[in-house]
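# Secondary and tertiary structure notes
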Amino acid sequence: MVILNILLFIVVLGVIILIHEAGHFYFAKKAGILCHEFSIGMGPALYQKRKGETMYSVRGIPIGGYVSMAGESVSDALIKKEQTIGLKINEQDQVYQIILTDKVESDVTGVVEAFDLYGKDFDPLYIDLNVDGQIIHFSVLRDATYQISEKNKMWITPAEKSFESKTLWQRFMVIFAGPMMNFILAFLLFLIVGFFVEKPNLDSNELFEIVPGYAADNAQLEVGDKILAINGETVEDWNDLSVVMSNLDQSWIDVMYERDGQSFVEINVNVSVAVQMAGITNTYMDPDTNEITIYRDPIIGQSYGRARSDGGLLEGDIIESIIVNNVSHDIESWDDIISVFRQYERGDLVVVYERDGNLENAYYSMISANALTKLGSQPIVFQLGVSPSTSFDWNYSLLYAPRRFYSDVTEVFTTLGLLFSPKEDLGIGDLSGPVGIYTLVSSTASQGLLSIIVFTGFLSINIGLLNLLPIPALDGGRLVFLGIEAVTRKPLPRRVENTINNAMFILLLVMFIFVTYNDILRLIRG
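One structure accompanies this document, and this report is about it. (Residues numbered from 1 in each chain as written. Predicted model: local features only at pLDDT ≥ 70, side-chain atom pairs only at ≥ 80, totals over all residues. Heavy atoms only, no water.)

### Section: helix H8 (residues 394-419)
Keep this limit in mind: For helices the rule is a DSSP run of H or I covering at least 4 residues; for strands it is a run of E covering at least 2, with both sets numbered from the N terminus onward. To estimate the expected span of a helix, count its residues, drop one, and scale the result by 1.5 Å. Two axes define the bend at a residue: one fitted to the seven residues ending there, one fitted to the seven starting there, and the bend is the angle between them. With a 1.4 Å probe rolled over the protein chains alone, any residue whose accessible area is under 20% of its type maximum counts as buried; one over 50% counts as exposed, and the rest are partly exposed. We call two residues in contact when some of their heavy atoms are within 4.5 Å. Here a polar contact is taken to be a pair of N or O atoms separated by no more than 3.5 Å, where protein atoms must pair a possible hydrogen donor with a possible acceptor and residues adjacent in sequence count only if both atoms sit in side chains.
An ideal rise of 1.5 Å per residue puts 38 Å on 26 residues; H8 measures up with 38 Å between its terminal C-alpha atoms. At Tyr400, H8 shows its maximal kink, close to 40°; a proline, Pro402, follows between one and four residues later. All buried positions along H8 are accounted for by Ser397, Tyr400, Ala401, Asp408, Val409, Val412, Thr414, Leu416, Leu418 and Leu419. Where H8 is buried, its residues meet helix H2 (168-194), helix H7 (369-374) and helix H10 (449-467). If you check the start of H8, you find a side-chain oxygen 3.1 Å away from the backbone N of Asn395, and it comes from Asp393.

So, in structure tokens, the structure goes:
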């Protein structure tokens, strides 16, 4: 299963990277920019094949990718003065190949005295070579190549094939095309999923699906039953049911329902509770049998997020007390846990718990109720384990893609806002890197193909938007540089731009290592 999850992770991330880089590549070729290499992945090359001027590569680390374009570095020339090189010359005495290895024969060998392999405004390309003490001037073809090794060659980069020689609009499209393709991919994936998603009937209180082991199943409810009331509050449709459940202040309910025209009441039914602010739930699923256990005693059924990574809480731990902002609360049941977290919006936690007969403390900060609400979630979630009936609806299916796209874009911006908000308790430590993405892919895989497709779309939007952040070394930073050029009518010196990009790349690499380290710790802790 692990191997399948790894392969799925590589496929999901690979498709997103391929589409992103293909956007850059297509518009670069359309603008007439020489592309030296189109690579999926980073690190050592696993597979390479040259087609025309471009080397197509698959590299060993399935994270990221790149299109190496002429005009991106300070100097594209691979030769320098006083360097010994070889030349191959055609019948017109023009250089068609520059030899940089002694393993390939050349027509002429000498020391470089002067050269111009850029040829701005179509100035002739040339190399002045010192051959046995005599300076010889050689004209160079504009499609000449470097022979780097016996099997590896690379085209020279004259001005007209350079990125910087293109119009502002052409360069904008080359840079923007990567994120744009991510957005197009996400929308198309959502469009596909939309035709498999049916519209829920929210105007009814009839049960269409019951999840085994959850409250409705334990209360002996059946498909076709209608929920009439919960804890004495009337339920006429699915919206009423959602409101009543979200406002619960205990871990059990009395449920009145109708079956075959008769009314029945089940009392004291345990419901599944997830305190998302604190990363704990009262629901345990046996990994071998998938049997569900819902605790009323203060036993943790599952821990996740900070509760697990920072606090070290595990399923089976028994909570004795909870200290929030230095105020202690004794805990005897899950009702007490719910009561505690109904009182606070945010805070630092000390969870005193029993494990294997020993009392221990877990220290961590809760995620604020405001942050969860902004992300479209609830601080405390109560689940009956039921679903409404659904039916296919053309309008619902067609609108699924734009609605989902808008929702995911909004979620990304909301998350970024929360990360940089001093009022919230979120930071870089809460981000996920490649290891975290692998964990999410593995988790999503168990939910079926449609869930994988939706997650791929969501991840593609994330990558597209993050690349558009106005940070040097990212596409957004390069667009900022183009914006400065548009205003000043003068491009930044290539050396300055590259220095800024390289410095920021190092900072991003440090952050990447930090996030990955946190991901690994979370994975080790379960």
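### Concerning the environment of Asp128
With respect to the element layout, Asp128 can be found in strand S6 (residues 125-131). Looking at Asp128, the relative accessible area reads 16%, which means it is buried. When the C-alpha positions of Asp128 and Ile230 are compared, they lie 90 Å apart, and in sequence the two are 102 residues distant. Here Asp128 is in contact with Val111, Val112, Glu113, Ala114, Ile135, Ile136, His137 and Phe138, once residues within four sequence places are set aside.

### What about the side chain of Ser204?
Structurally, Ser204 can be placed in the loop between strand S9 (199-200) and strand S10 (209-210). For Ser204, a relative accessible area of 15% gives the class buried. With near-sequence residues (within four places) excluded, Ser204 lies in contact with Glu236, Asp237 and Trp238.

### Notes on the sheet that holds strand S16 (residues 280-281)
The criterion, for reference: Whether two strands pair comes down to DSSP finding at least two bridges between them.
Read from one edge to the other, the open sheet built from 4 strands follows the order S19-S16-S15-S24, with strand pairing classed as antiparallel. Of all the strands in the sheet, the pair left with one neighbour each is strand S19 (302-303) and strand S24 (380-383). Looking at chain direction, strand S15 (residues 272-275) and S24 are connected through 4 bridges and run antiparallel. What sits directly across from Ser272, in S24, is Gln383.

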